[in-house]
Number of protein chains: 2
Amino acid sequence: MKISRRVASQRSDVAPFEAMETMREAAALEAAGRDIAHLEVGQPGEPAPKAALEAVRSALRDPLGYTVALGLAPLREGVADLYRARHGLVIDPSRIVATTGSSAGFQLAFIAAFNPGARIAMAEPGYPSYRQIASALGLTPVGLPVGPENRWTPTAAMLDAAAAEAPIDGVLIASPANPTGVAATRSELAALTGWCATNGAWFISDEIYHGLTYDEPAASALEFDNDAIIVSSFSKYFAMTGWRIGWMVLPEPLLRPIERLAQNLFICPPHVSQIAALAALSAEAALELEARREVYAANRDYLMRMLPELKLGGAAPCDGAFYLYFQLPDGAPNSKEWCAKLLHEAGVATTPGLDFDPRRGERTARISFAGSPEEVRKGAERIAAWAAKQDY
Amino acid sequence: MKISRRVASQRSDVAPFEAMETMREAAALEAAGRDIAHLEVGQPGEPAPKAALEAVRSALRDPLGYTVALGLAPLREGVADLYRARHGLVIDPSRIVATTGSSAGFQLAFIAAFNPGARIAMAEPGYPSYRQIASALGLTPVGLPVGPENRWTPTAAMLDAAAAEAPIDGVLIASPANPTGVAATRSELAALTGWCATNGAWFISDEIYHGLTYDEPAASALEFDNDAIIVSSFSKYFAMTGWRIGWMVLPEPLLRPIERLAQNLFICPPHVSQIAALAALSAEAALELEARREVYAANRDYLMRMLPELKLGGAAPCDGAFYLYFQLPDGAPNSKEWCAKLLHEAGVATTPGLDFDPRRGERTARISFAGSPEEVRKGAERIAAWAAKQDY
C-alpha cells in the first residue's frame, strides 16, 4: 500500500475567522448558562424588515425552485433603481447579478477576474475573509498598512510602492470599511480608481456598508470607474445577514464569465432570500431601515462618550458601518488573550484585531455596535467595570 | 497608459451549464406567450414538505442572523440520524457540516482536499458542474467514459488506466448518478472505495439522489470507506432545490480545514433554509416525501412505456434519480440542435447530452421526470407527436 495522500490541501491552510470562533466560544458559554453581551459580529439586532418577512410568508404558497443563476429579474431591476436613488447612476439591470451574500460575490470576482498568482492589494486592517478567500483561490493578497496617518485608507502612493515589487492585478477597497468604519472620500476613491485604470488593474469595491453612514452618504466606485467590480449585500443595511443574499454590479467583460461561473458554482442564490430582498427594497421597508440607522447612530454616539471609561484609545473615525476599532491600553495582554479574558471574566464577546491585521492586530480589537441599544449598553458597562479592575 | 489587463481570467473560461441555458431560453419563450413543458432541470414539481414550510412560518417571528459556519447543531444531529435510519451507520454529528447546497459542498471538498493541478477522476457522462467547478479551482478533471458495457459506472480497471498516465488524487462518483440514474451496486462501491484507499486517493461520493431509488435503496460510500467525503443535499428527495441547503459528512483530517474554509467562503448556509431542512427530516415530512417518490416511480414507468413512441433508444437503466438519458435516433441532428428544435417546434425543454459528456454527448440528451405527472405526460405526448413528423 502506498503512503496515503489523503491529507488536507496546502491551500486549505487558511486562518480561522476569529469573529466566528469567538461567536462559537460565546455560544458554548451561553449553553453552560452564562449571559453574554454580543459585541463580536456585525449582526444587526433587528430582523429583516417587515415587508421582507411578509413577502416570504406569501411566497411560501408557491414552490420555491431554482431561479436563473443571475437572480430574479425584478430583484436585479430593484438594485438598479437603488443606484439611481443613492448615486444618480443609471445602471442596466443586465449588469447586476444577485449572489449568495457578498461571500459568493468575492469568490466570483476573484475567479473571474484573476488567474492564479495574481496580486490583490487591500487595506490592512481589513475584512479577514478577503485574504483567506484570495489565498484559497490561489491569489496573493498584498496588505497595504493603513492607520491614522492616512485616515485608514490606502493611497495611490502605496499602490505605486506595492507595484514596484511586482505588478498589482487588482485593488480591493471597502468603504465604509470593516473594521474601521472609515468611508473613503470622493477624492480618495477617484485617486484609487484612477490608479487602477492607468495601471490596468481591476478595482473591486466592497460596498456592503452603503446606507450605513452617519455624516454624508458613501460614494460608489461606479461614480468614478464604470468598469469597477462592485460587491454588495443585503446583510448589513437591510439587516438580512442569515438570508445570504447580495449582489454585484459587473463590467461588461465579466458578465458572461460570471454568469457561467455562477451557474456552475452556486446554481442560484436562495430563491426565498431573493424574494425577501426584493421586498426589502420597497419604500415601506426604507422607512423602517432608516429608523434603524438612527439607532446605530445613537449606539455609536454612546460608545464614543464611553471611550474614556472603557480605557480604549486610538479609535478609528467611524464614518459608517457599525464597528469601533481601537487600540488596547498599554500593558494589556495581546488582543486574542485580551478578548478571551473579557469574554470569560466579564461576559462580553469582542473580536481580536488579529482577524483584521495579521501584523499589528495584537494591539487592537473591534467592537460591533450592530446590536440593540440594550445589548451595546450592557456590553459597554461590563467592559467599563472590568477595565477599572485591570492593573494597567 | 499601459495596456489594460482588465480581462476575464483564463480559469473563468468554463462551459455554460446547458440545462440552465435551456431553462433561460424556455423562460424567454414563456415570456413571449408560449406554453412550455419543462423536462429540462431536476426540479421537483412539488414544493418543500409542509412541515418545512410550517417551520419557516414560525421562524419568521425570530431574527434570522448568521449561524455558526458548520450549521445548527440540531440539523447536524438530524442528518446523523438519517444515516442511522438509511444505512445503519453511527456518525458523530461533529463530522456533519451543513452547506449552501451540494454546490458549496463540492467547492469545499475540492479546495480542502486538493492542491492545484490535482487530477480528479469522474464518470463521463456526469453532472457537468463537477468539471467546471474543478477547472475553476485549478484541478484537472479526468473523464472516465462509461456506457452500457459497464453499466454506466466507472471500474477499478479504468482508474488503473487513468493512474498509469499520472497519479489520480481523487475519485468522484455519484450514485444514483445524474444524468443516467444508475446506482452503483455494493460491490462496485466497495471496489472503487478500495481502489482509493489502496492508492491514497480521496473518494468523494455524491449522494444527493439518495432516497430516490425505485428498486433497492442506494448504499452510502461510508459503508465501505470511513474516510470518504460525502456530499449531499436537501434539493432532490426533500424537494428543496431553491433553498440551497445540503450537507457533507467529513473524514477527520478535513474537519478543521473545512470549518475554516466555510467560515471564510460562505460564513454560513442560509439560516432560514437550515430551519426548513431540519423540519424536512421529521417523520411527518417523511410520509409526504415517500408519497412523492411513488409519483416519480409512476412517471418513470410511464416514460419507459412511451419510449418507442418517443423514438428514443439506448436509455440507461434508471435505478434512481429522476432522469432518462438516451440516444438520439440515427439521422437526427446533434443534441444541441435537436433540443433547440424540440423546444421551439414542440414546446418541450430537455437538456442536450453535451452538458454531461463533452466527447459523446452530441448523440444523447436527458429528460427529467421530476415534474408533475401532468407535466411529464404533456411533454412526452408533444415529443411523440413531433417525433412522428421527423424524417429520420
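Residues numbered from 1 in each chain as written. Chains lettered and ligands numbered in written order. Predicted model: local features only at pLDDT ≥ 70, side-chain atom pairs only at ≥ 80, totals over all residues.

*Asks:* Give a description of the confidence of the model for chain A that names residues and reports values.
*Replies:* Taken over all residues, the pLDDT of chain A has a mean of 95, while the share at 70 or more is 99%. Here the predicted complex scores 0.95 on pTM and 0.95 on ipTM. (pLDDT = per-residue confidence, 0-100.)

*Asks:* Before we move on, can you summarise unusual backbone geometry with the specific residues and values?
*Replies:* Looking along the chain, the bond that leaves Ser175 of chain A and enters Pro176 of chain A is cis, with omega of -10°. On the secondary structure map, Pro176 of chain A appears in the loop between strand S5 (170–174) and helix H7 (186–199). The peptide bond linking Asn178 of chain A to Pro179 of chain A adopts the cis configuration, its omega dihedral lying at 10°. Among the structural elements, Pro179 of chain A can be located in the loop between S5 and H7. Of note in the backbone geometry, Arg151 of chain A takes a positive phi value of approximately 50° without being a glycine. Inspection of the secondary structure assignment puts Arg151 of chain A in the loop between strand S4 (140–145) and helix H6 (156–165). Of note, the phi angle at Ala239 of chain B is positive, near 60°, even though the residue is not glycine. On the secondary structure map, Ala239 of chain B appears in the loop between strand S7 (229–233) and strand S8 (246–249). (Helix = DSSP H or I, 4+ residues; strand = E, 2+ residues; numbered from the N terminus.)

*Asks:* Give a description of the environment of Ala201 of chain A that names residues and reports values.
*Replies:* In this fold, Ala201 of chain A is placed in the loop between H7 and strand S6 (202–206). On the basis of neighbour counts, which here come to 25 C-beta atoms within 10 Å, the residue Ala201 of chain A falls in the buried class. Put simply, Ala201 of chain A and Ile120 of chain A are 81 residues apart on the chain and 9.1 Å apart in space, counted from C-alpha to C-alpha. Contact partners of Ala201 of chain A, with chain neighbours within four places excluded, come to Ile168, Asp169, Gly170, Val171 and Cys196 of chain A together with Arg5 of chain B. (Buried ≥ 20, exposed ≤ 12 C-beta atoms within 10 Å, placed from the backbone. Contact = placed C-beta atoms within 7 Å.)

*Asks:* Requested: an account of helix H3 (residues 73–87) of chain B, with residues and values cited.
*Replies:* Compared with the 21 Å implied by 1.5 Å per residue over 15 residues, the 21 Å span of H3 of chain B between its first and last C-alpha is a close match. Phi turns positive one or two residues past the end of H3 of chain B, at Gly88 of chain B, with a value near 65°. (Expected span 1.5 Å × (residues − 1).)

*Asks:* With reference to specific residues and values, describe the sheet that holds S8 of chain B.
*Replies:* All names here are of chain B. The sheet built from seven strands is open, its strands ordered S2-S8-S7-S6-S5-S3-S4 with mixed pairing. The sheet is open, and its two borders are formed by strand S2 (96–99) and strand S4 (140–145), each paired with just one other strand. Taken over all neighbouring pairs, the strand axes of this sheet differ in orientation by 20° on average, direction set aside. Across four bridges, the pairing between S2 and S8 is antiparallel. (Pairing = 2+ DSSP bridges. Axes fitted to C-alpha atoms, helices over the stretch in contact; angles between N-to-C directions.)

*Asks:* Summarise the relation of the copies chain B and chain A; cite the residues concerned and give the values.
*Replies:* Note on the identical chains: chain B maps onto chain A by a rotation of 180° and an axial translation of 0.0 Å, with an RMSD of 0.0 Å. Taken together, the rotation and translation relating the two chain copies correspond to the operation of a two-fold axis. A high fraction, 100%, of the interface residues of chain B reappear at the interface in chain A, so the copies pair face to face through one surface. (Least-squares fit on C-alpha atoms with pLDDT ≥ 70 in both.)

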